[in-house]
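Analysis of the macromolecular model
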Amino acid sequence: MESRLTGLKREGDHLRFTWSDGLASALSIRELRISCPCAFCVNEITGVRQVKPEDIPSDIGMKDMQPVGRYAYRVLFDDGHDTGLFTLEELRTRCQEALA
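The text that follows walks through the structure, step by step, so that each part is easy to find.

With that settled, consider the side chain of R33. Along the chain, R33 turns up in helix α1 (residues 29–34). A polar atom in the side chain of R33 sits 3.0 Å from the side chain of D79. Non-local contacts of R33, meaning those with residues more than four positions away in its chain, are made with C41, V51, I56, I60, F77, D79 and H81.

This is the structure:
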């Protein structure tokens, strides 16, 4: 059985994710912005990241986070960026890595 996202809560400058198998982990909003997978942030042909960590303010915030179907979330950052879709699979992997 695949683990499902069962909880999502904003905690200051982090998002806390809880999964059906008991895994719970917090991800920084800034790290999510830095790792945005959209075509603006990552060149679609070369795969080279166009947005560098130093381009992202340390105090970046999030306006909203919206589900996209049953497979992803769209994050609306307060710098106006809102085109990245973070799949549940990617979020799960990031949560596991944050605990490692």
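Within the secondary structure layout, D59 lies in the loop between α1 and β4 (62–68). In this structure, the C-alpha to C-alpha distance between D59 and R30, residues 29 residues apart in sequence, is 7.5 Å.

We now examine the layout of surface pockets. There is about 330 Å³ of room inside the largest pocket. Lining the largest pocket we find 15 residues, and of these S3, R4, L5, R70 and L88 sit closest to its centre. Put simply, the parts of the chain that give the lining of the largest pocket at least two residues each are β5 (72–77) and α2 (88–99). Here the lining of the largest pocket takes four residues from α2, the largest share from any one element. Looking at the lining of the largest pocket residue by residue, the classes come out as seven nonpolar, three polar and five charged.

With antiparallel pairing, three strands are arranged side by side in an open sheet as β1-β2-β3. Each of the sheet's edge strands pairs with one partner strand only, and the pair in question is β1 (5–11) and β3 (24–28). Strand after strand, the sheet turns through a mean of 20 degrees between neighbouring axes, direction not considered. Bridge analysis of strand β2 (residues 14–19) against β3 gives five bridges, and the strand direction is antiparallel. Across the sheet, the residue bridging to R16 is A26, located in β3. Contacts between α2 and the sheet are confined to β1, β2 and β3, with β3 contributing the most and set at about 100 degrees to the helix.

Right, let's get into the sheet that holds β4. The three strands are arranged β4-β5-β6 in an open sheet whose pairing can be described as antiparallel. Looking along the sheet, the strands with just one partner apiece sit at the ends: β4 and β6 (85–87). Neighbour to neighbour, the strand axes of the sheet diverge by 30 degrees on average, direction disregarded. In terms of strand pairing, β4 meets β5 through six bridges, oriented antiparallel. Note on β5: the bridge partner recorded for M62 is F77. The strands touched by α2 are β4, β5 and β6; relative to β6, the strand with the most contacts, the crossing angle is about 70 degrees.

Calculation notes
- Residues numbered from 1 in each chain as written.
- Predicted model: local features only at pLDDT ≥ 70, side-chain atom pairs only at ≥ 80, totals over all residues.
- Heavy atoms only, no water.
- Helix = DSSP H or I, 4+ residues; strand = E, 2+ residues; numbered from the N terminus.
- Polar contact = N/O pair within 3.5 Å; in protein donor to acceptor, adjacent residues only side chain to side chain.
- Contact = heavy atoms within 4.5 Å.
- 1 Å grid on protein atoms, 1.4 Å probe; cavity = no way out; pocket = protein on both sides within 12 Å on 5 of 7 lines; lining within 4 Å.
- Points joined across faces, edges and corners; volume = space filled by probe spheres on them.
- Nonpolar A, V, L, I, M, F, W, Y, C, P; charged D, E, K, R; others polar.
- Pairing = 2+ DSSP bridges.
- Axes fitted to C-alpha atoms, helices over the stretch in contact; angles between N-to-C directions.

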